[in-house]
Amino acid sequence: RERVEIYSVKGTARSTTDEQKWNHLLDPELGIGYARVTNFQENTVDELRKIIAALQKSNNLRGFVLDLRFNPGGLLTSAVEMAEMFLGKSDLIVRTAGLRSRPFEIPAQRDGPFRDLPLIVLVNGYSASASEIVAGAIKDHHRGLIVGERTFGKFSVQNLIQLVRSDAHL
(Lines give C-alpha, C1' and ligand atoms only; values in the text may rest on other atoms or scores of the structure.)
Protein backbone atom coordinates (compact mmCIF):
# COMPACT_ATOMS: atom_id res chain seq x y z
CA ARG A 1 0.00 0.00 0.00
CA GLU A 2 1.06 3.54 -0.67
CA ARG A 3 -0.03 6.82 0.77
CA VAL A 4 -2.23 8.60 -1.78
CA GLU A 5 -1.86 12.35 -1.90
CA ILE A 6 -4.97 14.23 -2.97
CA TYR A 7 -4.11 17.55 -4.56
CA SER A 8 -6.75 20.22 -4.35
CA VAL A 9 -5.12 22.75 -6.69
CA LYS A 10 -5.18 22.00 -10.40
CA GLY A 11 -4.24 23.84 -13.57
CA THR A 12 -5.54 24.21 -17.09
CA ALA A 13 -4.22 20.82 -18.22
CA ARG A 14 -1.64 18.21 -17.25
CA SER A 15 1.94 19.02 -18.15
CA THR A 16 3.10 17.39 -21.38
CA THR A 17 6.48 16.54 -19.82
CA ASP A 18 5.31 15.26 -16.41
CA GLU A 19 1.82 13.82 -15.87
CA GLN A 20 2.04 14.53 -12.13
CA LYS A 21 2.26 18.28 -12.75
CA TRP A 22 -0.25 20.79 -14.07
CA ASN A 23 0.11 23.74 -16.42
CA HIS A 24 -0.81 26.89 -14.45
CA LEU A 25 -0.18 29.45 -17.16
CA LEU A 26 -3.45 30.46 -18.82
CA ASP A 27 -1.93 32.93 -21.26
CA PRO A 28 1.87 32.93 -21.59
CA GLU A 29 1.95 36.06 -23.76
CA LEU A 30 -0.09 38.14 -21.32
CA GLY A 31 1.42 36.50 -18.22
CA ILE A 32 -1.89 35.28 -16.78
CA GLY A 33 -1.72 32.43 -14.26
CA TYR A 34 -4.55 30.07 -13.36
CA ALA A 35 -5.41 27.64 -10.58
CA ARG A 36 -8.59 25.69 -9.92
CA VAL A 37 -9.10 24.97 -6.22
CA THR A 38 -11.33 21.91 -5.86
CA ASN A 39 -11.69 22.08 -2.05
CA PHE A 40 -10.00 23.50 1.04
CA GLN A 41 -7.72 20.94 2.72
CA GLU A 42 -4.76 21.34 5.08
CA ASN A 43 -2.26 21.52 2.19
CA THR A 44 -4.32 23.64 -0.23
CA VAL A 45 -2.81 27.01 0.64
CA ASP A 46 0.76 25.71 0.53
CA GLU A 47 0.08 24.23 -2.91
CA LEU A 48 -1.36 27.50 -4.22
CA ARG A 49 1.41 29.61 -2.68
CA LYS A 50 4.10 27.47 -4.35
CA ILE A 51 2.32 27.63 -7.71
CA ILE A 52 1.99 31.43 -7.71
CA ALA A 53 5.56 31.94 -6.46
CA ALA A 54 6.90 29.64 -9.20
CA LEU A 55 4.89 31.50 -11.86
CA GLN A 56 6.24 34.83 -10.60
CA LYS A 57 9.79 33.51 -10.66
CA SER A 58 9.76 31.83 -14.07
CA ASN A 59 7.33 34.05 -15.98
CA ASN A 60 6.30 37.65 -16.18
CA LEU A 61 3.18 37.05 -14.09
CA ARG A 62 0.88 40.04 -14.57
CA GLY A 63 -2.40 38.60 -13.31
CA PHE A 64 -3.99 35.53 -11.80
CA VAL A 65 -7.30 33.69 -12.16
CA LEU A 66 -8.45 31.81 -9.06
CA ASP A 67 -11.15 29.33 -10.06
CA LEU A 68 -13.49 28.40 -7.19
CA ARG A 69 -16.29 27.04 -9.36
CA PHE A 70 -17.77 23.73 -8.15
CA ASN A 71 -15.78 24.07 -4.90
CA PRO A 72 -17.88 22.74 -1.98
CA GLY A 73 -15.62 24.30 0.65
CA GLY A 74 -13.68 22.69 3.47
CA LEU A 75 -11.54 23.90 6.34
CA LEU A 76 -12.02 27.40 7.75
CA THR A 77 -8.29 27.68 8.46
CA SER A 78 -7.47 27.07 4.80
CA ALA A 79 -10.04 29.61 3.63
CA VAL A 80 -8.64 32.24 6.00
CA GLU A 81 -5.05 31.52 4.94
CA MET A 82 -5.97 31.69 1.26
CA ALA A 83 -7.80 35.00 1.60
CA GLU A 84 -4.87 36.32 3.64
CA MET A 85 -2.51 35.63 0.70
CA PHE A 86 -4.25 38.35 -1.30
CA LEU A 87 -5.16 40.87 1.45
CA GLY A 88 -3.40 43.37 3.65
CA LYS A 89 -2.78 43.05 7.36
CA SER A 90 -5.91 43.60 9.49
CA ASP A 91 -8.29 43.29 6.52
CA LEU A 92 -11.37 41.48 7.82
CA ILE A 93 -11.77 38.00 6.34
CA VAL A 94 -14.66 36.52 8.33
CA ARG A 95 -17.26 37.99 10.66
CA THR A 96 -20.11 36.04 12.19
CA ALA A 97 -22.85 37.32 14.46
CA GLY A 98 -25.43 35.14 16.19
CA LEU A 99 -28.66 36.19 17.84
CA ARG A 100 -27.34 35.51 21.35
CA SER A 101 -23.59 35.54 20.86
CA ARG A 102 -20.96 38.17 20.43
CA PRO A 103 -19.65 38.76 16.92
CA PHE A 104 -16.68 36.61 15.94
CA GLU A 105 -14.12 38.16 13.60
CA ILE A 106 -11.00 36.89 11.87
CA PRO A 107 -8.75 39.57 10.36
CA ALA A 108 -5.67 38.94 8.21
CA GLN A 109 -2.65 38.52 10.48
CA ARG A 110 -0.07 39.76 7.98
CA ASP A 111 0.26 41.39 4.59
CA GLY A 112 -0.30 38.76 1.94
CA PRO A 113 2.57 37.99 -0.44
CA PHE A 114 0.28 38.45 -3.46
CA ARG A 115 -1.76 41.45 -2.28
CA ASP A 116 -0.73 43.50 -5.33
CA LEU A 117 -1.23 40.76 -7.94
CA PRO A 118 -4.22 41.55 -10.19
CA LEU A 119 -6.83 38.92 -9.43
CA ILE A 120 -10.00 37.45 -10.91
CA VAL A 121 -12.05 34.94 -8.90
CA LEU A 122 -14.43 32.61 -10.75
CA VAL A 123 -17.52 31.37 -8.86
CA ASN A 124 -20.78 29.61 -9.67
CA GLY A 125 -23.85 28.16 -7.98
CA TYR A 126 -21.80 25.25 -6.67
CA SER A 127 -19.20 27.45 -4.95
CA ALA A 128 -20.01 27.07 -1.27
CA SER A 129 -18.73 27.41 2.27
CA ALA A 130 -15.01 28.19 2.40
CA SER A 131 -14.93 29.25 -1.26
CA GLU A 132 -17.62 31.84 -0.47
CA ILE A 133 -15.53 33.16 2.40
CA VAL A 134 -12.50 33.64 0.14
CA ALA A 135 -14.54 35.23 -2.67
CA GLY A 136 -16.41 37.44 -0.17
CA ALA A 137 -13.20 38.72 1.44
CA ILE A 138 -11.69 39.46 -1.99
CA LYS A 139 -14.85 41.31 -3.00
CA ASP A 140 -15.28 43.22 0.28
CA HIS A 141 -11.76 44.66 0.07
CA HIS A 142 -11.97 45.39 -3.68
CA ARG A 143 -8.95 43.14 -4.16
CA GLY A 144 -10.15 41.46 -7.30
CA LEU A 145 -12.99 40.99 -9.69
CA ILE A 146 -15.56 38.27 -8.91
CA VAL A 147 -16.87 36.70 -12.12
CA GLY A 148 -19.66 34.16 -12.49
CA GLU A 149 -23.02 33.65 -10.88
CA ARG A 150 -24.59 33.69 -7.43
CA THR A 151 -22.85 31.22 -5.12
CA PHE A 152 -24.56 28.45 -3.18
CA GLY A 153 -25.17 30.58 -0.07
CA LYS A 154 -23.95 28.19 2.60
CA PHE A 155 -21.36 30.49 4.21
CA SER A 156 -20.31 27.90 6.77
CA VAL A 157 -17.15 25.84 7.01
CA GLN A 158 -15.71 22.95 8.96
CA ASN A 159 -13.22 23.19 11.80
CA LEU A 160 -11.01 20.29 12.82
CA ILE A 161 -11.09 19.68 16.56
CA GLN A 162 -8.40 17.37 17.92
CA LEU A 163 -9.58 14.88 20.50
CA VAL A 164 -7.77 14.93 23.83
CA ARG A 165 -4.85 12.48 24.10
CA SER A 166 -5.35 11.33 20.53
CA ASP A 167 -4.32 12.00 16.94
CA ALA A 168 -7.98 11.75 15.93
CA HIS A 169 -10.03 14.76 14.88
CA LEU A 170 -13.72 15.58 14.63
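All values reported here derive from a predicted model rather than from experimental measurement.

1. Focus on helix α3 (residues 130-140)
- Taking burial as the measure, the eleven residues of α3 include eight buried ones, the bulk of the element.
- The set of residues buried in α3 consists of Ala-130, Ser-131, Glu-132, Ile-133, Val-134, Ala-135, Ala-137 and Ile-138.
- Looking at the buried residues of α3, the elements they touch are β6 (63-67), α2 (76-86), β7 (92-96), β9 (119-123) and β10 (145-148).

2. A word on the pairing of β6
- Most of β6 sits inside the fold, with five of its five residues counted as buried.
- Burial along β6 is two-sided: Gly-63, Val-65 and Asp-67 facing one way and Phe-64 and Leu-66 facing the other are all buried.
- Pairing analysis gives five bridges linking strand β5 (residues 32-37) to β6, with the strands arranged parallel. Bridge pairing in β6 links Ile-32 to Gly-63.
- In the sheet, β6 pairs with β9 via four bridges, with the strands oriented parallel. Residue pairing in the sheet places Phe-64 in a bridge with Leu-119 of β9.

3. Section: the nonpolar core
- Counting residues in each nonpolar core, the largest one holds 37 residues, and the members touching the most others are Leu-48, Ile-52, Phe-64, Leu-66, Met-82, Phe-86 and Ile-93.
- Of all the elements in the fold, those that place two or more residues in this core are β5, α1 (44-58), β6, α2, β7, β9 and α3.
- Considering every element that reaches this core, the biggest residue donor is α2, with seven residues.
- Discounting residues that sit within four places of it in the chain, Phe-86 has contacts with Leu-48, Ile-52, Leu-66, Phe-114, Arg-115, Leu-119, Ile-138 and Arg-143.

4. Brief notes about the pattern of salt bridges
- By the definition in use, this model includes five salt bridges.
- Measuring nitrogen to oxygen at the nearest pair gives 3.1 Å for the salt bridge that ties Asp-46 to Arg-49. Note that Asp-46 and Arg-49 are positioned in helix α1 at a spacing of three residues, about one turn of the helix.
- The class of Asp-46 is partly exposed, set by a relative accessible area of 40%.
- Overall, Arg-49 belongs to the partly exposed group, its relative accessible area being 32%.
- In this structure, the salt-bridge partner of Arg-95 is Glu-105, at a minimum N-O distance of 2.9 Å. Taken together, the positions of Arg-95 in strand β7 and Glu-105 in strand β8 (residues 104-107) put the pair ten residues apart, joining distant regions of the chain.
- With a relative accessible area of 43%, Glu-105 lands in the partly exposed category.

Cut-offs used in this document
Residues numbered from 1 in each chain as written. Predicted model: local features only at pLDDT ≥ 70, side-chain atom pairs only at ≥ 80, totals over all residues. Heavy atoms only, no water. Buried < 20%, exposed > 50% of the residue type's maximum accessible area, 1.4 Å probe, protein only. Helix = DSSP H or I, 4+ residues; strand = E, 2+ residues; numbered from the N terminus. Contact = heavy atoms within 4.5 Å. Pairing = 2+ DSSP bridges. Core = buried A, V, L, I, M, F, W, Y, C linked by side-chain atoms within 4.5 Å. Salt bridge = Lys/Arg side-chain N within 4 Å of Asp/Glu carboxyl O.

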